[in-house]
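Close look at the chain arrangement
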Amino acid sequence: MTSQSSLRLAVDIGGTFTDTVLMNGKLEVLATAKTPTTPENPTLGALDGAHIALDLAGHQMADVTGFIHGTTLATNALIERRGAQVATITTAGFRDILEIAYERRYSQYDINLTKPDLLVTRDRSLTIGGRMNAKGQELTPLDTDAVPVLLEQLDACGADAVAICLLHSYANADHEQALARLILHHRPDLVVSVSSDISPEAREFERLCTTVANAYVQPLMSRYLKDFANRFAAHGLTCPILMMTAGGGMTTLETAVQHPIRLVESGPAGGAILAARVAAQSGETEVLSFDMGGTTAKLCLIDRFQPQTARNFEISRAERFIKGSGMPVRIPVLEMIEIGAGGGSIASVDRLGRLKVGPQSAGSEPGPAAFAKGGSEPTVTDSDVVLGLIDPGRFAEGRLKIDAGAAQNALAQYLAAALQTDSIGAAIGISEIVDESMASAGRMHAVESGKDLATRTMIAFGGNGPLHATRVARRAGVSRILIPHDPGVGSAVGFLFAPVSFEIVRSRYATLDDLDTEALNRFFEEMAQQASAVVRAGAPDQPLHQKRSAFMRYHGQGHEIEIALPERKLAASDIAGLKASFEREYSQQFSRIVPGMKIEIMNWALTVSTHAQEPSPETRDIAQNDAQPDSTRTIICDITGQPAKAGVYLRKTLRPGDTLNGPALILEPQTTTFVSRDFRARVDANGTLVLTQEERV
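Residues numbered from 1 in each chain as written. Predicted model: local features only at pLDDT ≥ 70, side-chain atom pairs only at ≥ 80, totals over all residues. Heavy atoms only, no water.

A few points about the overall build of the chain
Within the chain, the regular secondary structure consists of 16 helices and 34 strands. Relative to the globule expectation of 26 Å for 697 residues, the C-alpha radius of gyration of the chain, 26 Å, shows essentially globular dimensions. Its C-alpha atoms give the chain principal-axis dimensions of about 80 × 55 × 55 Å. Within the chain, the proportion of its 697 residues that are buried is 57%. Within the chain, counting contacts between residues at least 6 apart in sequence, those at least 24 apart form 68% of the total. Within the structure as shown, the chain displays about 29000 Å² of accessible surface, and the carbon and sulfur contribution to it stands at 48%. For the chain, the distance from the average position of its 66 positive side-chain charges to the average position of its 80 negative side-chain charges is 2 Å. (Helix = DSSP H or I, 4+ residues; strand = E, 2+ residues; numbered from the N terminus. Rg over C-alpha atoms; globule rule 2.2 N^0.38 Å. Buried < 20%, exposed > 50% of the residue type's maximum accessible area, 1.4 Å probe, protein only. Contact = heavy atoms within 4.5 Å. Areas by Shrake-Rupley, 256 points an atom, 1.4 Å probe, with all protein chains shown as cover. Lys, Arg positive; Asp, Glu negative; His and termini not counted. Charge placed at Lys NZ, Arg CZ, Asp CG, Glu CD.)

Topic: the environment of Gly 267
Relative to the helices and strands, Gly 267 resides in helix α9 (residues 266-282). On the accessibility criterion, Gly 267 (4% relative accessible area) is buried. Spatially, the C-alpha atom of Gly 267 lies 6.1 Å from that of Thr 71, the residues being 196 residues apart in sequence. The residues touching Gly 267, leaving out its near neighbours within four places in the chain, are Asp 12, Ser 491 and Phe 495.

Here we look at the nonpolar core
Within the largest apolar cluster, 66 residues are counted, with the highest numbers of intra-cluster contacts made by Phe 290, Met 438, Met 458 and Ile 481. By residue number, the principal contributor to this core is helix α12 (residues 423-448), which donates eight residues. The contacts of Met 458, once residues within four sequence positions are left out, are Leu 288, Phe 290, Ala 469, Val 472, Ala 473, Val 478, Arg 480, Ile 481 and Leu 482. (Core = buried A, V, L, I, M, F, W, Y, C linked by side-chain atoms within 4.5 Å.)

Examining the packing of aromatic side chains
Within this structure, the stated rule accounts for 11 aromatic pairs. Look at Tyr 554 and Phe 582: their rings are 5.0 Å apart centre to centre, the planes differ by 80 degrees, and that puts the pair in the edge-to-face class. Taken together, the positions of Tyr 554 in strand β24 (residues 544-554) and Phe 582 in helix α16 (residues 575-590) put the pair 28 residues apart, joining distant regions of the chain. You can call Phe 582 buried: its relative accessible area is 0%. Taken together through their ring pairs, the aromatic side chains of Phe 67, Tyr 224, Phe 228 and Phe 232 make up a single cluster. We note Arg 262 situated over the ring of Phe 502; from NZ or CZ to the ring centre the distance is 4.3 Å. Over the ring of Phe 524 we find Arg 548, and its NZ or CZ is 4.8 Å from the ring centre. (Phe/Tyr/Trp six-rings, centres within 6.5 Å; stacked < 30°, edge-to-face > 60°. Lys NZ or Arg CZ within 6 Å of the ring centre and 35° of its normal.)

Brief notes about the sheet that holds strand β5 (residues 86-91)
Taken in spatial order, the four strands line up as β6-β5-β9-β10 in an open sheet, and their pairing is parallel. Because the sheet does not close on itself, it has two edges, and the strands there are β6 (125-128) and β10 (191-194). For this sheet the average axis-to-axis angle between neighbouring strands, irrespective of direction, equals 25 degrees. Across five bridges, the pairing between β5 and strand β9 (residues 161-165) is parallel. Paired with Thr 90 across the bridge in β9 is Cys 165. In the packing of helix α4 (residues 147-156) onto the sheet, the strands contacted are β5, β6 and β9, and the crossing angle to β6 comes to about 175 degrees. Against the sheet, helix α5 (residues 174-186) contacts β5, β6, β9 and β10, and its axis sits at roughly 180 degrees relative to β10. (Pairing = 2+ DSSP bridges. Axes fitted to C-alpha atoms, helices over the stretch in contact; angles between N-to-C directions.)

A short note on the pattern of salt bridges
Under the criterion given, the structure shown has 25 salt bridges. Taking the shortest distance from any N to any O, the salt bridge between Asp 303 and Lys 451 comes out at 2.4 Å. Of this pair, Asp 303 sits in strand β14 (residues 297-303) while Lys 451 sits in the loop between α12 and β21 (457-461), and the two are 148 residues apart along the sequence. Of the residues examined, Asp 303 reaches a relative accessible area of 14% and is grouped as buried. A relative accessible area of 28% means that Lys 451 is categorised as partly exposed. For Arg 553, the salt bridge goes to Glu 600, with nearest N and O atoms at 2.9 Å. Of this pair, Arg 553 sits in strand β24 while Glu 600 sits in strand β26 (residues 599-610), and the two are 47 residues apart along the sequence. The class for Arg 553 is buried, based on a relative accessible area of 12%. (Salt bridge = Lys/Arg side-chain N within 4 Å of Asp/Glu carboxyl O.)

Structural notes on the environment of Ser 440
For Ser 440, the location among the structural elements is in helix α12. Judged by its relative accessible area of 29%, Ser 440 falls in the partly exposed class. C-alpha of Ser 440 to C-alpha of Leu 179: the two residues are 261 residues apart in sequence and 48 Å apart in space.

Details of the side chain of Gln 218
One can find Gln 218 in helix α7 (residues 204-234). Under the relative-accessibility criterion, Gln 218 is labelled buried at 6%. Of the polar contacts made by the side chain of Gln 218, one reaches the backbone oxygen of Val 257; its length is 3.3 Å. (Polar contact = N/O pair within 3.5 Å; in protein donor to acceptor, adjacent residues only side chain to side chain.)

Focus on α16
In a regular helix each residue adds 1.5 Å, so 16 residues correspond to 22 Å; α16 covers 22 Å between its end C-alpha atoms and thus fits that length. If you check which residues of α16 are buried, you get Ile 575, Leu 578, Phe 582 and Tyr 586. Summarising the axial view, the buried residues of α16 lie within an arc of 60 degrees, below the 170-degree limit, and thus occupy one face. Summarising the geometry of α16, the exposed residues directed more than 90 degrees from the buried face are Ala 576 and Gln 588. The elements touched by buried residues of α16 are β24, β25 (561-565) and β26. (Expected span 1.5 Å × (residues − 1). Arc of directions from axis to C-beta.)

A closer look at unusual backbone geometry
Between Gly 358 and Pro 359 the backbone carries a cis peptide bond, its omega angle lying at 0 degrees. Structurally, Pro 359 is set in strand β20 (residues 355-361). Backbone geometry at His 168 places phi at a positive 60 degrees, although glycine is not the residue there. Mapped onto the elements, His 168 comes out in the loop between β9 and α5. The residue Gln 670 is not glycine, and still its phi comes out positive at about 80 degrees. If you trace the backbone, Gln 670 turns up in the loop between β31 (664-668) and β32 (671-675). Using a relative accessible area of 8% as the deciding quantity, one classes Gln 670 as buried.

Things to note about the environment of Asp 384
Mapped onto the fold, Asp 384 is located in helix α10 (residues 380-386). Along the backbone, Asp 384 and Ala 427 are 43 residues apart, and their C-alpha atoms lie at a distance of 7.1 Å. When neighbours within four sequence positions are excluded, Asp 384 is seen to be in contact with Leu 389, Ile 390, Asn 464, Leu 467, His 468 and Arg 471. Within the structure, Asp 384 has its side chain in polar contact with the side chain of Arg 471 (distance 3.4 Å).

Digging into the packing of helix α1 (residues 42-57) against α7
Between α1 and α7, the least distance of the axes is 10 Å, while the angle of their chain directions is 35 degrees. Seen from above, α1 lies across α7 with right-handed handedness. Only Tyr 224, Asp 227, Phe 228, Arg 231 and Phe 232 of α7 make contact with α1, whose side of the interface consists of Pro 42, Thr 43, Leu 44, Ala 46, Leu 47 and Ala 50. (Left-handed = near helix turned anticlockwise from the far one by under 90°.)

What follows is the structure, encoded as structure tokens:
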């Protein structure tokens, strides 16, 4: 339980901005800051943001009792190929696991198909003798006599890191662990990732890819995290630093150094946690989370206050929207779709005269032309400035200069002539394309999950989310939008509501008819001890909660369905209930069951976590009254394309019950909410902005 005297700091380092939030023990946000990310050393931008937030609240670094950090560094290293030189060691005869992959083409008829870059070339794919079978029984001892030759091969290929993935090590890790000890004994400077630690699941290709990705970013992340901790300690921080993970939980810095692959997409996970909390607070059971930052936009489906989760994730796809064109990793993640559509996304005209937006981004350096930091190419932010939707004098609390003339010149120079229009026409085109791209991504994500966006409420946040929410919602068929408190730093706020947690998934084949519940309970106890040790390092005194699940399928199928298990020891009497749960879930997904077919369980999962504090829905009735604008501003209407007067409101002056009609701009630190002409806004009892589409034109 959070002490009321505690002071917690969250830092989310994104591709363009670094967001910082300071919160007290009453879960009140005391101060926020949005500072440009410093690519050469992201820690410097984080320190700037932390000091700004602490100064605003009248505190010192030494006053902080809890620190949560999320970063895009691991993601960017994988995408930009800035990791270590990795060699793999697999079982003799299985050298070409990465080359063979799935034995299929992700695009059947593309003669110019580009294979995914899996980071390790064949000359760095090494093998060793020894063999386990699928039950974990040793068939052939590990060939320890071959280790000296293996070490020479590692030296010759210049490996900085090694990914060990031996056959069936998920069932018996003895060979992998022994080989790792031998390598580290003779080459202590090498970084060694072992698949039985990183991803102890069946399916060699995904297990090897996950281990390779972990080894690839481990040296970089180890240096970064140690430097981050040392620099903050030098500035007075005394509490431990917890890291946000892709699965929506927090873990210790030490665990993050060993499992840096779990930090991939950690920032967006914080946003999904915030959206789930806002949904619970507002009683919204079907939600679309919309997080638009400076580099990317992320969309996540949330049902009954729980973000959609997944076990598979693809990194750096060769074809952005084609499954199978990237590097697969198996880690617990909050499932979302991410596209290169942010405030810094660069607009251009291709050789066919078509306007394109993204996925390339201007980032924080040099940034959009409007930032006056040397950027010259037109971006989404430049188009919003030209459309009048950003107030130059109030952007980023006045700490970042906005040059509206530079934005207009960039659109005129790079786009207007080629499109036979003016800068305003080019800005409208950018807005239309980027908003439709995000709406299309949301529709596609919903269809793939068998869900309908029209019944959902959008929760928008991020530096650009509230600015584009009504425009995206209209195209996606969503008519209701919620804008929470402090939306510009929403992911960092979400960090502060995440539980400390650790998930373990292990393969242990069984059939439901022959399930040995006593042996399974011992198996779960081993996992619980391992996961609890990790969580206790970050939450030594808090009560812990366990979540158990089984990944089940019909015999011979290649896809499993996750089924929740009782949070206790299993008994033989539970088997009938597990079968009913599987058939119910299978029927929901495929509209039928397969009578008489044997049911298999491939993997078992256990998550140990602290309890997240859940808000109670606010149902208090409040009187409505018309809010009065602070001023007016000329904008380009997103419906008519013509100049229009928009009311300008300061969010800090709005009170529960206040209502206003679009077009309007609601200003607050770090972001602006644009209320389109066909939307009406009101402030609910929680202080959340509720935007509802109406028939007005």
